Amino acid sequence: MGEPQSVIVDSLIPVDNASPLFASSRTNQAACFSLIEKALAKLSGASFKNLVGGNVAESLYDLLGVGVEDLHLDDRSQPPLSPANLKTLVLSNLLQGNLVGTGNIDTSKPGQELPRAKLGIRKNHAFAVVNATDSVVTVYNPQGHDDGYTGTGGTDGMGTLSMNWKDFHSCFNRLQIAPLSVKETHPNRLQYKREWSGVGGCSNFPGFRKNGVLVVDIEPGNELFLMMGQIDRRGLPRGERAGGGDAGVSYDEIGITVVELKSPAALADRLFVHKMCTPERYKVFAKTRSFANRRDNTLWVHEKDIKKKTTLGIVFSTFHPDVRGDYFCEVRSRHSVADSAAWTDDVQTTELSWTGEFPASLKLSNLKGATRCAVYMRQTAARVRVNPSKGKPAQPEPVGCWVLAPNGTVLCQPSFVKATESSTFVDLTTLEGGELTIAGRYFKGAKGGEVTVEVMVEGADGGATLVKMDEDVDVEALSGQKKKAKTKTKKMKAARPGFGQAKKTLEGLGDMYAGL
């Protein structure tokens, strides 16, 4: 978790022809690099072989304890970065004392030798950006040789390659930035060790709301640097690494999603409502560029995007649901958010469910001591609307529910949402009678399909229960909203003006014009 760790190693270094077999200084006059690599090998299952492969971000985090920002310069979903803007970005980070790595990454043909990039740059290989000026950028090949470089910027014959910014822009498509400066600019740090216990997944899946959410309050002038990581798998037996067998090291796809509620919740309800993270309740405030199949991932929540005081929910998740495992996460901030930070998992709830066809009415009982509850409607085998004449694909039928007090008072009316899942919040602090009626419906009274109703209750000490009622509730009658019968009315034709009316009209016009 980014903390210094002591590793004891001996001074024996594997050599070949009196030169270190692996990492070494350029002149073989310094043993520190070989000893650092040996310490990393010891942490990775006591084998140099386990250090083969990987990426710059993992290495920099292991050495520096700071999450690494991985920028995809060829990302078509983002505005293209010009050579001038790329120069500004690199120079700014070097000036701040940040470390910058680069490379040309091509995953189109895994395991195959790929043609060189421009100027003979080897693809899928790491380079360090070691110096830069207004006109020239210098990169270093850690293998210590020029490796077929054909650029005219010059080399030193030992892996240091120089080029202009235009060539740098066309040779490389990745930047890895280790922001060492955040230790000073963002000194406030929160760290957590957590566990994925199944369900979950990214916001593409209904289980997204079942992820733990870290809720923080933030104000203009603040900024967040978020980082998450999985347990390092290099030291595990090869059969226990993701992918199994000799597939090498592989990780679950992980990413960070920051959400903001569309309607702010009361202070007492903020954790519970963030636990109800269904699509209609939130908007995405910030998100990692992708859910990456690597050990670590990071995300900036920039100061320029925080325009008002607000509450954010931070979700550290895998891309796919139903993943189990340990992970750690970190929040660095310019100003402390510790006083407001809390996890939705801290809210103790009772969860109940029922699955069947709609329409249906359910009785939620034994709510003594309960303070609030959430009702989720999820279509498991949905009744869908299809318009074959226009070739439109099937869509979920909007579902919603009425929530009624024991005396028939309507506590909540449905907001029909055309989504796989929606939720309804119910305040139980003033409830009398200890039970609720939940009347689930399709929009416009449709029938059929299979729907799962889940109820999450906070504070119930009487063993809450959820059962289907024998008779369906007439919601309109109970709520006093029975529609009146429509009465037919004849459309009256507008009476044609008689001569007298026309004469008066003309006289009026004459008077008006006379006045002019």
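Further up the page is the structure itself.
Residues numbered from 1 in each chain as written. Predicted model: local features only at pLDDT ≥ 70, side-chain atom pairs only at ≥ 80, totals over all residues. Heavy atoms only, no water.

Chemist: Would you mind showing me how to read the overall build of the protein chain here?
Modeler: Secondary structure assignment for the protein chain yields eight helices and 29 strands. Burial analysis of the protein chain (516 residues in total) assigns 42% to the buried set. A sequence separation of at least 24 residues applies to 76% of the contacts in the protein chain between residues at least 6 apart. Carbon and sulfur atoms make up 52% of the accessible area of the protein chain, which totals about 28100 Å². (Helix = DSSP H or I, 4+ residues; strand = E, 2+ residues; numbered from the N terminus. Buried < 20%, exposed > 50% of the residue type's maximum accessible area, 1.4 Å probe, protein only. Contact = heavy atoms within 4.5 Å. Areas by Shrake-Rupley, 256 points an atom, 1.4 Å probe, with all protein chains shown as cover.)

Chemist: Can you walk me through the pairing of strand β28 (residues 448-458) in this structure?
Modeler: Remember that side chains alternate between the two faces of the sheet whenever the strand is regular. Burial analysis of β28 places nine of its eleven residues in the buried class, which makes it a mostly covered element. Strand direction decides the pairing type here: strand β19 (residues 349-358) and β28, joined by ten bridges, are antiparallel. Bridge assignment links T349 to a residue of β28, and that residue is E458. (Pairing = 2+ DSSP bridges.)

Chemist: For this particular structure, what's the right way to read the pairing of strand β15 (residues 296-301)?
Modeler: With six of six residues buried, β15 lies mostly within the body of the structure. Residues D296, T298 and W300 of β15 are buried on one face, and the alternating residues N297, L299 and V301, pointing to the opposite face, are buried as well. Alignment of strand β11 (residues 224-230) against β15, held across six bridges, turns out to be antiparallel. Within the sheet, the bridge partner assigned to G229 lies in β15 and is D296.

Chemist: Which parts of the structure should I look at to understand unusual backbone geometry?
Modeler: Here the amide bond leading from F358 into P359 is cis, since omega sits at 0 degrees, within 30 degrees of zero. The phi dihedral of A18 is positive, around 70 degrees, even though this residue is not glycine. Mapped onto the secondary structure, A18 falls in the loop between β1 (15-16) and β2 (19-20). Even without a glycine there, the phi angle at D322 is positive, about 65 degrees. Along the chain, D322 falls in the loop between β16 (310-318) and β17 (324-333). Given the relative accessible area of 61%, D322 is considered exposed.

Chemist: Hey, could you run me through the pattern of salt bridges in this one?
Modeler: Note on pairing: side chains with opposite charge can pair once their charged atoms come close. Taken as a whole and assessed by the stated rule, the structure comprises 32 salt bridges. A salt bridge links E458 to R372; the nearest nitrogen and oxygen atoms lie 2.6 Å apart. Note that E458 is positioned in strand β28 and R372 in strand β21 (residues 372-381), a separation of 86 residues in sequence. With respect to class, E458 is no different from R372; both count as buried. (Salt bridge = Lys/Arg side-chain N within 4 Å of Asp/Glu carboxyl O.)

Chemist: Honestly, the packing of aromatic side chains in this entry has me stumped. Any pointers?
Modeler: The relation between two aromatic rings is expressed through the spacing of the ring centres and the mutual angle of the planes. Counted under the stated rule, the structure contains 16 aromatic pairs. Aromatic side chains F168 and F172 sit 5.1 Å apart centroid to centroid with 50 degrees between the ring planes, which places their arrangement in the tilted category. What makes F168 buried here is its relative accessible area of 0%. The exposure class of F172 is buried, given its relative accessible area of 2%. With a centroid separation of 6.4 Å and an interplanar angle of 45 degrees, the aromatic rings of F316 and W343 are classed as tilted. Highlighted residues: F316 in strand β16 and W343 in strand β18 (residues 342-343), separated in sequence by 27 residues. For the pair F316 and W343, one class covers both residues: buried. The ring of W343 has R194 lying over it, and the distance from NZ or CZ to the ring centre is 3.7 Å. Directly above the aromatic system of Y376 lies the positively charged group of R209, at a separation of 3.5 Å from the ring centroid. (Phe/Tyr/Trp six-rings, centres within 6.5 Å; stacked < 30°, edge-to-face > 60°. Lys NZ or Arg CZ within 6 Å of the ring centre and 35° of its normal.)

Chemist: I'm lost on the sheet that holds strand β9 (residues 188-197) in this one. Help?
Modeler: Backbone hydrogen bonds are what pair the strands of a sheet, in a parallel or an antiparallel way. The four strands are arranged β9-β17-β11-β15 in an open sheet whose pairing can be described as antiparallel. In the strand order of this sheet, the two ends are held by β9 and β15, each with one partner. Recorded for the sheet is a direction-independent mean angle of 15 degrees between the axes of neighbouring strands. (Axes fitted to C-alpha atoms, helices over the stretch in contact; angles between N-to-C directions.)

Chemist: Would you mind going over helix α2 (residues 56-64) with me for this structure?
Modeler: The α-helix advances 3.6 residues per turn, and as a result positions three or four apart in sequence lie on the same side. Those residues of α2 lying buried are V56, A57, E58, L60 and Y61. The inward-facing, buried residues of α2 abut β4 (99-103), β8 (174-178), β11, β15 and β17. Here α2 starts with a cap whose side-chain oxygen sits 3.1 Å from the backbone nitrogen of A57, and that cap is N55. Within two residues after α2, G65 carries a phi angle of roughly 75 degrees, on the positive side. (Polar contact = N/O pair within 3.5 Å; in protein donor to acceptor, adjacent residues only side chain to side chain.)

Chemist: Which parts of the structure should I look at to understand helix α3 (residues 83-95)?
Modeler: With 13 residues, α3 ought to run about 18 Å at 1.5 Å a step, and its terminal C-alpha atoms sit 18 Å apart, in line with that. L86, K87, V90 and N93 are the residues of α3 that are buried. The arc enclosing the buried residues of α3, seen along the axis, measures out at 140 degrees, which places them on a common side. Packed against the buried residues of α3 are β4, β5 (127-132), α4 (165-171) and β8. (Expected span 1.5 Å × (residues − 1). Arc of directions from axis to C-beta.)

Chemist: Would you mind going over the sheet that holds strand β27 (residues 436-442) with me for this structure?
Modeler: Read across the open sheet, the five strands follow the order β25-β24-β27-β20-β29; overall the sheet is antiparallel. Two strands close off the open sheet at either side, each with one partner strand: β25 (410-412) and β29 (465-468). Ignoring strand direction, the axes of neighbouring strands in this sheet form an average angle of 30 degrees. Relative to β27, strand β24 (residues 399-404) runs antiparallel, the two being bridged by six bridges. Across the sheet, residue C401 finds its bridge partner in β27, namely G440.

These figures capture arrangement, not role.
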